[in-house]
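# Inside the fold
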Amino acid sequence: MTPILETKDLCKFYGSGENLVKAVDHINLQIMQGEYAAIIGKSGSGKSTLLHLLGGLENPTSGEIWIDGQNIENFSGEDLSALRRRKIGFIFQAFNLIPSLNVWENIVLPIGLDGRKADENFVKDILRTLNMEHKAHALPNTLSGGQQQRCAIARAIAAKPSIILADEPTGNLDTKNSDEVISLLKLSAKKYGQTLVVITHNEDIAQMADRVITLEDGKLV
């Protein structure tokens, strides 16, 4: 198996002197293609920072990040954006939906930005699975928190990325919906050979993973 995500001596520090915060502290990590990895740890342990680094959303203080065999250190902003659009689906706690676009438009927007055509049958299938078919033409401000979360999840899966990075993807959902969402993510990952990296506080979700990665004070435990 080949690593699709890899970090080498990765560090992300904020502040200086007495105020120095080592959010990610010399982490060496390999995540294999097709793996479902759960990242757990207390609040402030560096989980979200690590996820942002893995997705090329933040620059490290030092160390290397490899995505699908490429060291992203010398990528231009444009190259990095293209890599993210094509390879990575992000699911954040903040849904980052565009208020003036309806659910369908929000889902297919990133695909269009990459100059590709959305697979309409696939998007319909995702909406069906997420019980959001009837909301395809609704604007985000008319949706509940849980429905907005599902829209964000559909957007991440719709582009068929190699990697899905999810920060507390079920944080706004009840237990039944949480289980369904994780099942959908796992199903999508299996069907399309995707790698799934999920930050979670939910023990059940962590136990469904192939591997649990524990962070404490920016370090791997």
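So, here's what we can say about the structure. (Residues numbered from 1 in each chain as written. Predicted model: local features only at pLDDT ≥ 70, side-chain atom pairs only at ≥ 80, totals over all residues. Heavy atoms only, no water.)

Moving on, we come to the side chain of T170. As for its position among the elements, T170 is in the loop between β7 (163-167) and α6 (175-191). A relative accessible area of 8% means that T170 is categorised as buried. (Helix = DSSP H or I, 4+ residues; strand = E, 2+ residues; numbered from the N terminus. Buried < 20%, exposed > 50% of the residue type's maximum accessible area, 1.4 Å probe, protein only.)

In spatial order, the strands read β2-β1-β4-β5; together these four strands make up an open sheet with antiparallel pairing. In the strand order of this sheet, the two ends are held by β2 (21-32) and β5 (70-71), each with one partner. Where strand β1 (residues 3-14) and strand β4 (residues 62-67) come together, five bridges link them in antiparallel fashion. Across the sheet, residue T7 finds its bridge partner in β4, namely I65. (Pairing = 2+ DSSP bridges.)

This brings us to helix α3 (residues 103-113). Every buried residue of α3 is listed here: V103, W104, N106, I107, V108 and I111. Next to the buried residues of α3 lie α4 (120-129) and α5 (145-158). The distance from a side-chain oxygen at the start of α3 to the backbone nitrogen of W104 is 3.1 Å, and the residue carrying that oxygen is N102. Following α3 by one or two positions, G115 adopts a phi angle in the positive range, close to 75°. (Contact = heavy atoms within 4.5 Å. Polar contact = N/O pair within 3.5 Å; in protein donor to acceptor, adjacent residues only side chain to side chain.)

Here six strands make up an open sheet; going across it, the order is β6-β7-β8-β3-β9-β10 and the pairing mixed. At either margin of the open sheet sits one strand with a lone partner, and together these are β6 (88-91) and β10 (219-220). Across four bridges, β6 lies against β7 in parallel orientation. The residue bridging F90 from the neighbouring strand is L165, located in β7. On the sheet, α5 packs against β6 and β7 and is oriented at approximately 170° with respect to β6. (Axes fitted to C-alpha atoms, helices over the stretch in contact; angles between N-to-C directions.)

Next up on the list: the layout of surface pockets. The rolling of a water-molecule-sized probe over the atoms marks out the regions of remaining empty space. Approximately 450 Å³ is the volume attributed to the largest pocket. Lining the largest pocket are 19 residues, with R85, I88, F90, P110 and R155 positioned closest to its centre. When residues of the lining of the largest pocket are assigned to their parent elements, the largest contribution, five residues, is made by α3. Taken together, the residues of the lining of the largest pocket sort by class into eleven nonpolar, four polar and four charged. (1 Å grid on protein atoms, 1.4 Å probe; cavity = no way out; pocket = protein on both sides within 12 Å on 5 of 7 lines; lining within 4 Å. Points joined across faces, edges and corners; volume = space filled by probe spheres on them. Nonpolar A, V, L, I, M, F, W, Y, C, P; charged D, E, K, R; others polar.)

What follows deals with the packing of aromatic side chains. A complete count under the given rule lists one aromatic pair for this structure. Taking 5.5 Å as the distance between ring centres and 10° as the angle between the ring planes, the aromatic pair formed by F90 and F92 counts as stacked. Comparing F90 with F92 shows no difference in burial state: the two are buried. Positioned above the aromatic ring of F122, the side-chain terminus of K160 is 4.9 Å from the ring centre. (Phe/Tyr/Trp six-rings, centres within 6.5 Å; stacked < 30°, edge-to-face > 60°. Lys NZ or Arg CZ within 6 Å of the ring centre and 35° of its normal.)

Let's shift gears to the nonpolar core. Formed by 41 residues in total, the largest nonpolar core has its most connected members in I107, L127, L130, I153, I157 and L185. When residues of this core are traced back to their parent elements, those giving at least two are β3 (36-40), α3, α4, α5, β7, α6, β8 (195-199) and α7 (203-207). Per-element accounting of this core gives the leading share, seven residues, to α5. The residues contacting I157, other than those within four sequence positions of it, are F122, I126, I164, L184, L185 and S188. Residues L5, L50, L53 and L83 belong to the second largest nonpolar core, which totals 27 residues. (Core = buried A, V, L, I, M, F, W, Y, C linked by side-chain atoms within 4.5 Å.)

For the pair α3 and α5, the least separation of the axes is 8 Å and the interaxial angle reads 30°. Taken together, α3 and α5 sit at an angle that is classed as roughly parallel. Viewed along their axes, α3 and α5 form a crossing whose handedness is right-handed. Contact residues: α3 offers V103, N106, I107, P110 and I111, while α5 offers C151, A154, R155 and A158. Here the residues of the contact of α3 with α5 are counted per class, giving seven nonpolar, one polar and one charged. (Parallel < 35°, antiparallel > 145°, perpendicular 65-115°, else oblique. Left-handed = near helix turned anticlockwise from the far one by under 90°.)

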